[in-house]
Amino acid sequence: MGEFKVHRVRFFDYMPTAIRAMAFNAHTERLALGRMDGSVEIFNFADHYFQEKVIPGKDSRSIEALCWVGGRLFSAGLNGEITEYDLENLRPKYSLEAYGGPIWTITSNSQGTHLAIGCEDGTVKLFEVLEERIQFERNLDRQKGRIISLSWHPSGTQIAAGMMDMIRVFDVPTGRAVQRLLVDRGFGGSKSRETVVWSVVFLSDCTIISGDSAGKVQVWDGHTGTLVKTHLVTKWDVLALSVSKDESSVVAGTSEGTVIQFQFIAPTLQQQQDKEWVRTRTFKNHTHDVRALAEIETAIVSGGMDTQLVVRPLLEKFDERSHASALRKIHFPHRNLVFCAKKAGLLLFQFPGQLELWRLGESDGHGKPGDSLPLKRKPEKLLHLKRKGEDHICCSALSSCGGWLAYSTMSSVRLYRLQTDNNDISITKVPKLPKVLRSAHQLCFSSDSSKLFAAFSQSVLVIALSQSECKYVHTLKPKSGSRQPIHLMTNSVDGKWLATANSDCEIHVYNVQKLKLHCIVPVYSSCPSAMGIHPTTNNLTMVHADQQIFEYSIVEKQYTDWSRKLQKQGLHNLWLDRDTPVTHVTFNPKNPEQILLHDMHMFCIIDQSLPLPDQKTQFYNQMTLRSLSEQERPSHLHAFKICKTFQDLLSVSLLGDQSLVMVERPLLAIASQLPAPVRQKKFAT
């Protein structure tokens, strides 16, 4: 595999925030996820659950609920506003004050013509969905007490509203409340407390299912307003409900971290005609509250206070056990939050509210492979840079020489000049940036630090940098008709080429010297998750969300022979079965045959001089190779050298001195910073 001196970095205190809401769009197979910090993430479930878009949060924005209407995404929050998102420019399109106090829930009718919101002041407000905006239409009968949850009947003529101690059913054409369903309070001491109906589901046959703070899932007859059945599922709260498309299954999320499935089936084989809602399964994949749920065609998707997104496949939907039927947990973002100045030995960490610049430690020791070397200089935090304004940081960049630093929010880009003198560092803000540089989704510096590339939507701005000024040069635009934003950008060491990728799976290569589009890489069906340009050959290496690897010769405008050979033979099943995408590709300048890449769980060196592994080959063979003699070893060697020594990886970089920087963020460290769960399982209880 080769020997490297490794910096194991664990001082990046990355902390994801809790999942607050989710909404699944069955037509586009996109899951929208809202977090406590007001950020929205879009996952493409048709493409290996890849996180293709992130809309950064804002201090004043809160998300209580999300809702799709066609391809449009809306959110509502306790700030009393409804927000529609621009998914092409990754920003809120507009926000509308509802004038009903904090909004607890938002939902759309199945026809996609109206939105209903539940407000603190007891009103259910209807908004008409127009082509470009939404427009307030009217209030339904005002109630005493806040509206916590809502569900439209599939016909669009009635709405069920969950409140304190009751469920109200509204007739939409008249706006009148036509039913009042009283919800029992809890048992014992909890009888004195109001019961909050956290979630409600309205089915086609007028059955209403509710989940409440007394730990009950209740089934109601919407025609008569009577209680049909009560399932006491927890001593705590039932926080979320979700129903399957065919209405044969309902899942409930509790504050104990469990997800409970109910199915509409016959209780016994003899009573096939008398179907009822029966509790069938319990899943425990979370440690804390399950705040958001979505039951999709083949799986249950859940998220909550423990920050992870869990996809639990329903095994009866699969003919045989396969990679697709395996449990999947998504912990880290599928994008880079760590940037390395390879020549200067500096690391930049991106947080929503600030940037941290660190200098790596140094060791003078020499040891055997696997030894921990003593430090003669500890890692040092050089800079803590707070963002300006309320908008969270969406991207940042550090030049390889360590002399320039840039970051962008949705409202502005800021550029700084850094000067290090021994242990002192000075930072100077570049005062006048070109007016065209208003915001960016991706930023990167050229390897000689003479240019800044800023991607916004589909275009890339080229900015020339010098000691005295910062000057706009050109806008690189693609010829394709795609409206999707750029989510990856990389440039070549010689400063000639720039490659960009968008979530329509298009990869454009620009000639930076001639300032024009050079070529478009043939479009592959899966989204690129990482890419890099080789420092000596200028070949573009791309890794996609489905784990496929391609190498494209930019000069010859075609795939390389190695890439064609790899695709013809096929990748090893154990490589394809990995469930976290590769998020970084880099190269070893001292050994041009080596490609370095990593995902959350492993670090890999692909040696192009060695034969590719076939399906019969032992794939994870590094430990085996060590035990073999020098004579036997060559027959067991293959191109994929995989290391799983390191804990959960956020970033891997190769410095100029041939040392590797491994930025680890153990999941246990994240879990230790979470608030205590409502109930912890103790041994033998």
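Below you will find a few notes about this structure. (Residues numbered from 1 in each chain as written. Predicted model: local features only at pLDDT ≥ 70, side-chain atom pairs only at ≥ 80, totals over all residues. Heavy atoms only, no water.)

## Quick notes on the environment of S408
By secondary structure assignment, the location of S408 is in strand β35 (residues 404-408). In this structure S408 comes out as buried when scored by relative accessible area, which is 0%. Taking the C-alpha atoms as reference, S408 lies 9.7 Å from L437; in sequence the two are 29 residues apart. For S408, the contacting residues outside a window of four places in its chain are H392, I393, C394, C395, V413, S439, A440 and L443. A distance of 3.5 Å separates a polar atom in the side chain of S408 from the backbone oxygen of S412. (Helix = DSSP H or I, 4+ residues; strand = E, 2+ residues; numbered from the N terminus. Buried < 20%, exposed > 50% of the residue type's maximum accessible area, 1.4 Å probe, protein only. Contact = heavy atoms within 4.5 Å. Polar contact = N/O pair within 3.5 Å; in protein donor to acceptor, adjacent residues only side chain to side chain.)

## A closer look at the sheet that holds strand β41 (residues 470-476)
Spatially, the four strands line up as an open sheet ordered β38-β39-β40-β41, and their pairing is antiparallel. Across the chains shown, the open sheet's two edge strands, defined by having one partner strand only, are β38 (442-445) and β41. Neighbour-to-neighbour, the strand axes of the sheet open up by a mean angle of 20°, direction not taken into account. Bridge analysis of β38 against strand β39 (residues 451-456) gives four bridges, and the strand direction is antiparallel. Bridging across to β39, C444 finds its partner in F453. (Pairing = 2+ DSSP bridges. Axes fitted to C-alpha atoms, helices over the stretch in contact; angles between N-to-C directions.)

## Section: a positive patch on the surface
Taken together, K479, K514, K516 and K557 make up a surface patch of like positive charges. Along the polypeptide, K479 turns up in the loop between β41 and β42 (486-491). You can call K479 exposed: its relative accessible area is 74%. (Patch = residues over 30% accessible without salt bridge, like charges linked within 9 Å, V, L, I, M, F, W, Y side chains within 5 Å. Areas by Shrake-Rupley, 256 points an atom, 1.4 Å probe, with all protein chains shown as cover. Salt bridge = Lys/Arg side-chain N within 4 Å of Asp/Glu carboxyl O. Lys, Arg positive; Asp, Glu negative; His and termini not counted. Charge placed at Lys NZ, Arg CZ, Asp CG, Glu CD.)

## So, the sheet that holds strand β17 (residues 177-182)
With respect to topology, four strands assemble into an open sheet ordered β14-β15-β16-β17, the strand pairing being antiparallel. Either end of the sheet is taken by a strand with one partner, and the two such strands are β14 (149-152) and β17. Between one strand axis and the next, the sheet turns through 20° on average, direction left out of account. Pairing between strand β16 (residues 166-171) and β17: five bridges, direction antiparallel. Across the sheet, the residue bridging to R168 is R180, located in β17.

## Section: the nonpolar core
Ranked by internal contacts, the top residues of the largest apolar core, which has 21 residues, are I549, W575, V585, L597, C604, I606 and F640. Among the elements of the structure, α1 (561-569), β50 (584-587), β51 (594-598), β52 (603-607) and β53 (640-643) are those that each provide at least two residues to this core. Contact partners of V585, with chain neighbours within four places excluded, come to A530, M531, G532, T541, V543, I595, L596 and L597. (Core = buried A, V, L, I, M, F, W, Y, C linked by side-chain atoms within 4.5 Å.)

## Describing the pattern of salt bridges
Overall, the coordinates contain 19 salt bridges when judged by the stated rule. With its nearest N and O atoms 2.7 Å apart, the salt bridge here joins E41 to R35. For the pair E41 and R35, a shared accessibility class is recorded, and that class is buried. With a closest N to O distance of 2.7 Å, R185 and D165 form a salt bridge. Of this pair, R185 sits in the loop between β17 and β18 (197-202) while D165 sits in the loop between β15 (158-162) and β16, and the two are 20 residues apart along the sequence. Put simply, R8, R10 and E664 are held in one network by salt bridges that share partners.

## Considerations on empty space enclosed by the protein
Tallied over the entire structure, the rule returns five cavities of 30 Å³ or more. In this model, the largest cavity occupies a volume close to 160 Å³. What lines the largest cavity is a set of 17 residues, among which F332, P333, H334, T583 and M600 lie closest to the centre. Contributions of two or more residues to the lining of the largest cavity are made by β29 (328-330) and β54 (649-654). Considering only residue class, the lining of the largest cavity consists of nine nonpolar, five polar and three charged. The computed volume of the second largest cavity comes to approximately 70 Å³. (1 Å grid on protein atoms, 1.4 Å probe; cavity = no way out; pocket = protein on both sides within 12 Å on 5 of 7 lines; lining within 4 Å. Points joined across faces, edges and corners; volume = space filled by probe spheres on them. Nonpolar A, V, L, I, M, F, W, Y, C, P; charged D, E, K, R; others polar.)

## Quick look at unusual backbone geometry
Look at E29: it is not a glycine, yet its phi comes out positive at around 55°. Relative to the helices and strands, E29 is located in the loop between β2 (19-25) and β3 (30-35). If you check the backbone angles, C505 has positive phi at about 70° while not being a glycine. Checked against the element boundaries, C505 lands in the loop between β43 (497-502) and β44 (507-511). By relative accessible area, C505 is classed as buried at 10%.

## Quick look at the state of the cysteines
Enumeration according to the criterion identifies zero disulfides in this entry. The thiol of C604 is unpaired, and the distance to the nearest cysteine sulfur, on C643, comes to 10.0 Å. When its relative accessible area of 0% is taken as the criterion, C604 is described as buried. (Disulfide = S-S within 2.5 Å.)

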